[in-house]
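Report on the structure
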Amino acid sequence: MAMVESILKKYHSSKRDQLIPILQAIQEAQGFLSRESIIRVGEFLNLPVSKIYGVATFYNQFRFKAIGKYHVMICRGTACHVKGSKSILELLEENLQIKAGDTSRDGLFSIEVVACIGACGLAPVISINGEFHGHLTKEKLITLLDECRKNK
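Let us look at the structure shown here. (Residues numbered from 1 in each chain as written. Predicted model: local features only at pLDDT ≥ 70, side-chain atom pairs only at ≥ 80, totals over all residues. Heavy atoms only, no water.)

A volume near 310 Å³ is recorded for the largest pocket. If you trace the largest pocket, you find 18 residues lining it, with N60, R63, H71, I111 and E112 closest to the centre. Top contributing element to the lining of the largest pocket by residue count: strand β2 (residues 109-114), with five residues. Of the residues that constitute the lining of the largest pocket, the class distribution is seven nonpolar, seven polar and four charged. (1 Å grid on protein atoms, 1.4 Å probe; cavity = no way out; pocket = protein on both sides within 12 Å on 5 of 7 lines; lining within 4 Å. Points joined across faces, edges and corners; volume = space filled by probe spheres on them. Helix = DSSP H or I, 4+ residues; strand = E, 2+ residues; numbered from the N terminus. Nonpolar A, V, L, I, M, F, W, Y, C, P; charged D, E, K, R; others polar.)

This paragraph deals with the packing of helix α1 (residues 2-10) against helix α3 (residues 35-45). It is at 11 Å that the axes of α1 and α3 come closest, and there the two elements cross at 30 degrees. Classified by the angle between their axes, α1 and α3 sit roughly parallel to one another. The hand of the α1/α3 crossing is right-handed. Contacts between α1 and α3 pair V4, E5 and L8 from the former with S37, R40, V41 and F44 from the latter. Its residues placed into classes, the contact of α1 with α3 shows four nonpolar, one polar and two charged. (Axes fitted to C-alpha atoms, helices over the stretch in contact; angles between N-to-C directions. Parallel < 35°, antiparallel > 145°, perpendicular 65-115°, else oblique. Left-handed = near helix turned anticlockwise from the far one by under 90°. Contact = heavy atoms within 4.5 Å.)

Pasting the structure below:
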């Protein structure tokens, strides 16, 4: 919680209009929004926790679970869907033994499904820690995951 307190000190005279920047700063520092940090922000801004949670769940940029060392975002937009992203997602979940939205027990991988990643010409496409990998096949995906495991 010391990290949350240090962030809140930077917003010492803030009002509720600074809620989103505060949540962004906390997530950047700890990787997600913990229950404790949301409660503390509520106390700090004199806002109900339900209000803060409502704002945070409205924007898909906010997470409530820690992400893995390798955060895999898989596009399920129209172009990727047509090019087979559903089977890529199924293989990803099977290989990592987690479902979309979860993080592996060892903390190595997390999967996030996104509506569109903005790289339709590369369909089907995933992003691993912000690096795009397009024209995916099952074989390419397995190779990428194996490379991540080797570099853990």
